[in-house]
Structures are given as structure tokens and as C-alpha cells.
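# Coordinates in review
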Amino acid sequence: MHLEKRLPRNGKEGLLYGTIISTLTVIFMTSFNVILGAGEFNVEVFLTILKALPIIWIIVMIIEPTIFGRIAEALVAKFTKPSDSFNSKILFRILFTVLGMSIAMTFVGDIVGNGFTPEIFSNWLQNWPRNFAVVLIAESLVIQPIARFAMVKLHESQDGKAQAADDVVPQVQNN
């Protein structure tokens, strides 16, 4: 039986996989939006990013698996067949997750950065299309491949240890 090496195989690996994706996305998008909003990068902007990162990361780690990840999985099941390729399923999963998360996190980021202001909806209308496009590209081309590479390396290590253990057992029985 062929086990998929690019995706998590259990809950613990799923948490690691999700943490890698969420952490890289939060670092990238928070930095991108804060620098864009400030118009420059300096020590003050860097400190603002550092202050925002833990707040944004916690929010993402809560809402992605509990809300948007579940919605994305349901939509992937609806729009794909079991015979569809790995890549088509992953691309649909990325699209649906990024769509939901970018909608929510554009609001959340504005609230974290500026508080509740009367401009929150106009800011969202202005910022969301850009955020969606940027994070969709980053997820598809950089962030998800990094997380899948980490899963491949983890599974290769596990498989190597299991093979080594299997090789030792027959030797012990033969003696």
C-alpha cells in the first residue's frame, strides 16, 4: 500500500503541518501588511510586526482548523472526485482556505492594527483583493511546498527507522 508522504498521516503530524503553514503565512502576511501600511521598514515597524505576530498567530491557529479548514475540506470533497489528482485537490484546498482566511484575517489584521474604526469596511474592500492574491500566490508557490517538503522528510525518517527496526528483528530471531 502506498502511503502519501506529502501530507500528515495523523493528528500530531497534522498539527505540525498546520503550524508550519500558519506560522509562515502569519509572518509573511503580517510583515507585508505592516510594512505596506507604514510605507517603509525601520526599527519601529519591526517592533510593530513583532508585537502583532503572536496575536495574529493565535487567532489563525484557532480559526483555520475550527472554521475555514473544515469548510475547505467540505468544498474540496464537493468539487473533486476520489480519482482526481493530488495536485487538483491541494489546489482546491489552498483556494478555499485562502479565500476564507483572507476574508477573515483582513478584518482581524485591521482591528489588531487600528482598532475598531469607522473605516474598517472600506479598508477591507480596499485591502482584501490584494491580500487574497498575494497569499494565494505565496501559499501555492512557497508556503505549502515547504510544509509538504517537511512532511516528506519526516516520513522518510520514520520509514527509515521502521525499516531499520524490521531489519534488526530477523537478525535477533536467527541467532
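The model shown is predicted, which means the values in this text are computed figures rather than measured ones.

The next thing to look at is helix H1 (residues 11-38). Look at H1: 39 Å from first C-alpha to last across 28 residues, which is about the 40 Å you get at 1.5 Å a residue. The set of residues buried in H1 consists of Glu 13, Tyr 17, Ile 20, Ile 21, Ser 22, Thr 25, Val 26, Met 29, Thr 30 and Ser 31. Positioned one or two residues after H1, Gly 39 has a phi angle of 80°, which is positive.

This part is about a nonpolar patch on the surface. Nonpolar side chains collect at one region of the surface, where Phe 41, Val 43, Phe 46, Leu 47 and Leu 50 lie side by side and expose about 500 Å² of accessible area between them. The residue Phe 41 is located in the loop between H1 and helix H2 (43-79) in this model. Phe 41 gets classed as exposed once you look at its relative accessible area, which sits at 52%.

Following the criterion strictly, the structure yields nine aromatic pairs and no others. Centroid distance Phe 28 to Phe 32: 6.1 Å. Interplanar angle 25°. Geometry classified as stacked. In this pair, Phe 28 and Phe 32 both sit in helix H1, four residues apart, roughly one turn of the helix. Since its relative accessible area comes to 35%, Phe 28 is described here as partly exposed. Pairing Phe 79 with Phe 96 gives two aromatic rings, centres 5.7 Å apart and planes at 40°, and the pair type is tilted. With a gap of 17 residues between them, Phe 79 in helix H2 and Phe 96 in helix H3 (residues 86-114) connect regions that are remote in the sequence. Residue classification places Phe 79 among the partly exposed residues on the basis of a relative accessible area of 48%. By relative accessible area, Phe 96 is classed as buried at 14%. Chaining the aromatic ring pairs together yields one cluster made of Phe 107, Phe 121, Trp 124, Trp 128 and Phe 132.

How each quantity is defined
- One numbering rule holds for all chains: residues counted from 1, following each sequence as written.
- Only residues with pLDDT of 70 or above have their local features reported here, since the model is predicted, and side-chain atom pairs are shown and tallied only from 80 upward, although totals for entire chains, interfaces and linings are computed over all residues.
- Just so you know, side-chain values use all the structure's heavy atoms and leave hydrogens and water out.
- Numbered from the N terminus, helices here are DSSP runs of H or I no shorter than four residues, and strands are runs of E no shorter than two.
- A helix is expected to span 1.5 Å for every residue after the first.
- Only protein chains enter the calculation, and the probe is 1.4 Å; a residue is then buried if its accessible area is under 20% of its type maximum, exposed if over 50%, and partly exposed in between.
- Patch membership needs two things, relative accessible area over 30% and no salt bridge, and members are linked within 9 Å if like-charged or within 5 Å if nonpolar (Val, Leu, Ile, Met, Phe, Trp, Tyr).
- Here, Shrake-Rupley sampling with a 1.4 Å probe gives the accessible areas, and only protein chains in the shown set may cover a residue.
- The term salt bridge refers to a side-chain nitrogen of Lys or Arg lying within 4 Å of a carboxyl oxygen of Asp or Glu.
- Whether two aromatic rings pair depends on their centres lying within 6.5 Å, for rings of Phe, Tyr and Trp, where Trp uses its six-membered ring; planes under 30 degrees apart make the pair stacked, over 60 edge-to-face, and the rest tilted.

This is a description of form; function is not addressed.
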